[in-house]
Amino acid sequence: MSSRDRILGRIRRATADGAPDPAVPRDYLRVHGARTPAGTADLLAANLAEYRAKVHRTDASGIAPLLARLLAGRGARTVLVPSGLPPYWLAAADATRIDDRPASTPYELDAVDSVVTGCALAIAETGTIVLDGGPGQGRRRITLIPDHHVCVVRVPDQVVDSVPQALPLLDPTRPLTWISGPSATSDIELDRVEGVHGPRTLEVVLLTGPAE
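Below, the structure is looked at part by part. Just so you know, the residues in each chain are numbered from 1, in the order the chain's sequence is written. Local features in this predicted model are restricted to residues of pLDDT 70 or higher, and side-chain atom pairs are both shown and tallied only at a pLDDT of 80 or more, whereas totals for entire chains, interfaces and linings draw on every residue. Each side-chain value is derived from all of the structure's non-hydrogen atoms; neither hydrogens nor water enter the calculation.

1. Here's the deal with the pattern of salt bridges
For salt bridges, the criterion is a side-chain nitrogen of Lys or Arg within 4 Å of an Asp or Glu carboxyl oxygen. Summed over all chains, the structure comprises nine salt bridges. Arginine 74 is paired through a salt bridge with aspartate 147; the nearest N and O atoms lie 3.2 Å apart. Remark: aspartate 147 occurs in the loop between strand 6 (128-131) and strand 7 (148-155) and arginine 74 occurs in helix 3 (residues 63-74); sequence separation between them is 73 residues. Burial here depends on accessible area, computed with a 1.4 Å probe over protein chains only, as a share of the maximum for the residue type. Under 20% is buried, over 50% is exposed, and the range in between is partly exposed. In this structure arginine 74 comes out as partly exposed when scored by relative accessible area, which is 34%. Here aspartate 113 and arginine 77 are joined by a salt bridge, their closest N and O atoms 3.7 Å apart. In this pair, aspartate 113 sits in the loop between helix 4 (106-110) and strand 4 (114-117) while arginine 77 sits in the loop between helix 3 and strand 2 (78-81), placing the two residues 36 residues apart along the sequence. In the salt-bridge network here, residues are joined through shared partners; they are Arg35, Glu125 and Asp161. Here a strand is any run of E in DSSP of at least two residues, a helix any run of H or I of at least four, and the numbering for each starts at the N terminus.

2. Considerations on the nonpolar core
Inside soluble globular proteins, nonpolar side chains tend to come together where they are buried. Residues grouped as a nonpolar core are buried Ala, Val, Leu, Ile, Met, Phe, Trp, Tyr and Cys residues, joined through side-chain atoms within 4.5 Å. Membership of the largest hydrophobic core comes to 19 residues, with the highest contact counts inside it found for Leu67, Leu90, Val116 and Val205. Within the residue set of this core, elements represented by two or more residues are helix 3, strand 2, strand 7 and strand 12 (201-208). Considering every element that reaches this core, the biggest residue donor is helix 3, with six residues. In what follows, residue pairs with any heavy atoms lying within 4.5 Å of each other are defined as contacts. Those residues in contact with leucine 67 that sit more than four places away from it in its chain are Trp89, Leu90, Val116, Val150 and Val205.

3. Structural notes on the sheet that holds strand 7
Sheets are built from strands that pair by backbone hydrogen bonding, the pairs being arranged parallel or antiparallel. Taken in spatial order, the six strands line up as 1-12-7-4-2-3 in an open sheet, and their pairing is parallel. Pairing within the sheet leaves two strands with one partner each, and these edge strands are strand 1 (54-59) and strand 3 (96-99). Here the strands of the sheet are splayed against their neighbours by 25 degrees on average, with no regard to which way each runs. Pairing between strands is defined by DSSP: at least two bridges between the two strands are required. Where strand 2 meets strand 4, two bridges bridge the pair, whose relative direction is parallel. A fitted line through C-alpha atoms represents every axis, and for helices the fit uses only the stretch in contact; the resulting angles, taken between N-to-C directions, go from 0 to 180 degrees.

Taken by themselves, the reported measurements are silent on function.
Shown next, in the form of C-alpha cells:
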C-alpha cells in the first residue's frame, strides 16, 4: 500500500459518517464597482499596460493594417497562424504564414518570429487573457514558445469584469492558459527577467465591432 492510499483511506474513514459537506458561503463581491462596457474595456487596457503588455485598439477595417504594422515593426519574417484565425486579419502582412501543425517540434516553433491568436475571453479587473485552445487560438505551446505573441480580444463580446464572471464561461476540460502580461520572473534580488517561460513580448489588440 502506498502512502497515497494510506492517506486517502484515512480521509475516507474520517468522513464516513455520511454527514453532508458543509456549505461554503459565497458572499464575496462578483464585481468591484459598476462599469459601462467602455469602462470595462478601459480597465482591461490599463491593467494590461500595467503588466507591460502593449495595448492597441482598432475595428474590423483597421485590424489587417494594424497587424501588418505590428509584425513589420517587430521585423517578423514568419508568423504562426492557428487554423481558425480569420484570414483577413493577416491579409496585409508580409510575413510568411506558418500553419499550426501537431507535428511541429519545439525547435521549429522557436524559430518562428511571431504568433497571432484570438482568445477565449479577457478579465478586466486582473488584466488577464484566457486561452482555451479554440480554433482561433491553436494549441497551447504555440503561444508559449515564440518570443512575440499578438493576441486579439473582441470588445465587448469577450471582455468580462471579474474572475467570478469568467469562470462559468470557461470549459474546465479544455487546456486553459491564463496570461497576465509577458512571461516574467525575478530572482531573490527582484531582478526581473522576461521571456523565461513564455513570450518576451505580448501585444494585445482590442478589436471593437461585431464578430464575423
